Structure formats: C-alpha cells, structure tokens
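Understanding the architecture of this molecule
Residues per chain are reported as follows:
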Amino acid sequence: MTAADPPARAQVTVARLRELGLTPDTRLGQHFLVDDNLVRVALRLAELRTDDVVLEVGPGLAVLTAALADAVRLVHAVEIDRRLAPALERTLEHHGNVRLHWGDALALDLAALDPRPSAFVSNLPYQVSTPLIVESLGGLPQLERWAVMVQREAAERLFAQAGTPAYGAVSVLMRLACERTGAHAVSRAVFAPPPNVDSTLIGFRRRSDWGALRDAWPQIVRVVHGAFSHRRKTLVNALVLSGTASRSVAEAALAELGVPPGIRAEALEPERYPFLAERL
Ligand code: SAM
C-alpha cells in the first residue's frame, strides 16, 4: 500500500486532525478527501490551464488546494472554519499563489475576487453545494469550467432531462448556461470521516452561446424559480401564485410558445424558458 491509497491517506488525515485537536464538523460538510487519484480526476475534469485562476470553496486541509496551486496561476480558497487556519497555513507555506479568504462562501462577495476566477474546482460542502453552483453561473460570468464534488442526487438534478422527477429549476438554469463534460461516481471510502451519502464528481463548462442570455439572466432566474415554485400546479398557476406574472400575461406567453395552457413547468424544455422570461 502506498501513501496515495485511501486507507493510508485516511489514517494520515485522521492523525493530522488529532494532532491539531480538531473534530471534523459534519454540519459544515467536513468529509476530507483521502484519495490522490480523485484529486487528479478533478483537475482533469476542470480542463485546467496554467494561466487559470481557480475558485475553491472549502479547502479544508488543503489536499486539493495544493494540487491546484501546482497546476494553475492562482487559487482563491474560501474557508468558513477558522479552526483549520494552522493546518491550511502550514500546508500552503510553499504555495505563494494561494489566497485564503475566510468566511461563508454564500455570504462573501465572490464577484469582487481579483483576479477573477476562470474555473471552479471544489469538494463542496454538500449542504450549500447547489446554491453555490447556481449562484456562480450568473454571479461569476467569467467562470468557464467547473469540476465539483457533490452529493449524487444533487449531481443528477444538475443536468436532469425535462419530464423526469429530478428535473427542476436548477436543471433548467444549468442546461441553459452549461454543458456537462463528465461525471465520476465516488465511493464513500475516499473521505474521512465517510459521509452517509454517495457522491459524484461532475465536470461542466460554460456554453458558448450563454453570452446571448447574460443580460436577461436575472429575469430568467426569477421566472424559472417562479415556474417551479408549485410543482403540483400548472405552469400558469405557479407563475401567478409566486407573483411572477399575471394570469393573462402568462397565458398569452404560453399561447405564443405554442404549448398547451395546462402544461406543467417540468414538461417545458430548458430552451423555452428564455422566451417565457422575455414575454413576462
Ligand atoms: N477540500 C477539502 C477536501 O477535499 O478534503 C475539504 C472539503 S469538505 C467536503 C468541505 C469544506 O468546506 C470544509 O473545509 C468546510 O469547513 C468548508 N465549508 C463548509 N461550509 C462552507 C461555507 N459556507 N463557506 C466556505 N467553506 C465552507
């Protein structure tokens, strides 16, 4: 067994945490990656270039961060848990191209990061992974590529097809902004401590035609969320109940789209939503 084998790495991680007097805080999704091979897969999925600036949310003990720093120009690492400061600072002593930002990634102004990130590579804290990804689509418009570890069900929702149970507002927004480049099922054994859920490392890149939607994006996000706000209702009723549109305007827009007036949000393909957003 080599140092790269998950069980050996896990022992090193557990020993390191003990040495630092740290108990992983699972409320913060602290399941540390103990498989070097997966770190390589993440870097490959993100199609990194040496001039990339990477955003990493949740560097933890900096296993992924150090590998990213070796591969790209600069890494912005955003960590909420200050107990990790000694470990992070020690690991990163030899990586002058990592900037640590302390705080909640959902609350910090990531758009103010300078230089701006071109890729988002993270083993994400699962409780905030979907809002972080969705917010990054419009909030960080210069992001081109993503490789993120998320809970398996969350990964399924990201690129779900219309008409399937997993299809929702997130799937519509993701499929309008991005195309999937790859996905790897990930065993629970590659984390210390192991989580109670399965994971997927998923890669995607910004669609080349996304620029055409950029100005309308806030309105598209509003309409898509309104459309899926009441899943048991028709699309028109959901738009009315959520205060997104009046009944007459919503009905006229659907008629123009040439879809049945009683259609539900989950039956409408992603490409139809920008038109709907424009008409509402
Ligand atoms: N990157 C490390 C690894 O792969 O071993 C740790 C990943 S662990 C799944 C998630 C990390 O995100 C933890 O370090 C946790 O403290 C941090 N975290 C949790 N919520 C956060 C938030 N809202 N903003 C920034 N970091 C957060």
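Small disclaimer: the values here were computed from a predicted structure and weren't measured. (Residues numbered from 1 in each chain as written. Predicted model: local features only at pLDDT ≥ 70, side-chain atom pairs only at ≥ 80, totals over all residues. Heavy atoms only, no water.)

**Focus on the site of the ligand**
In the vicinity of the ligand lie 22 residues, with Leu33, Gly58, Glu79, Asp104 and Asn123 positioned nearest. For the ligand, a nitrogen atom lies 2.7 Å from a polar atom in the backbone of Gly58. In the model, a nitrogen atom of the ligand is placed 3.4 Å from a nitrogen or oxygen of the Ile80 main chain. Taken by itself the ligand offers 600 Å² of open surface, and the protein chains cover 98% of this. Elements that contribute at least two residues to the shell around the ligand include exactly strand E1 (32–33), strand E2 (53–57) and strand E3 (74–79). For the shell around the ligand, the class distribution of residues is 11 nonpolar, 7 polar and 4 charged. (Near = heavy atom within 4 Å. Polar contact = N/O pair within 3.5 Å; in protein donor to acceptor, adjacent residues only side chain to side chain. Areas by Shrake-Rupley, 256 points an atom, 1.4 Å probe, with all protein chains shown as cover. Helix = DSSP H or I, 4+ residues; strand = E, 2+ residues; numbered from the N terminus. Nonpolar A, V, L, I, M, F, W, Y, C, P; charged D, E, K, R; others polar.)

**Examining the packing of helix H5 (residues 129–139) against helix H7 (residues 169–177)**
Where H5 contacts H7, the axes come no closer than 10 Å and their chain directions differ by 40°. As far as their axial angle goes, H7 and H5 are oblique. Crossing geometry of H5 relative to H7 is assigned as left-handed. Where H5 abuts H7, its residues Thr130, Ile133, Val134 and Leu137 lie against Val170, Leu173, Met174 and Ala177. (Axes fitted to C-alpha atoms, helices over the stretch in contact; angles between N-to-C directions. Parallel < 35°, antiparallel > 145°, perpendicular 65-115°, else oblique. Left-handed = near helix turned anticlockwise from the far one by under 90°. Contact = heavy atoms within 4.5 Å.)

**Focus: the packing of helix H2 (residues 36–45) against helix H3 (residues 63–71)**
One can describe the packing of H2 onto H3 by two numbers: an axis separation of 10 Å at closest approach and a directional angle of 45°. Accordingly, the angle class assigned to the pair H2 and H3 is oblique. The two elements H2 and H3 cross, and the hand of that crossing is right-handed. Here Asp36, Val39, Ala42 and Leu43 of H2 lie close against H3, whose contacting residues are Val63, Leu64, Ala67, Leu68 and Ala71. Among the residues making up the contact of H2 with H3, the classes are represented as 8 nonpolar, no polar and 1 charged.

None of the figures reported here should be taken as evidence of function without further support.
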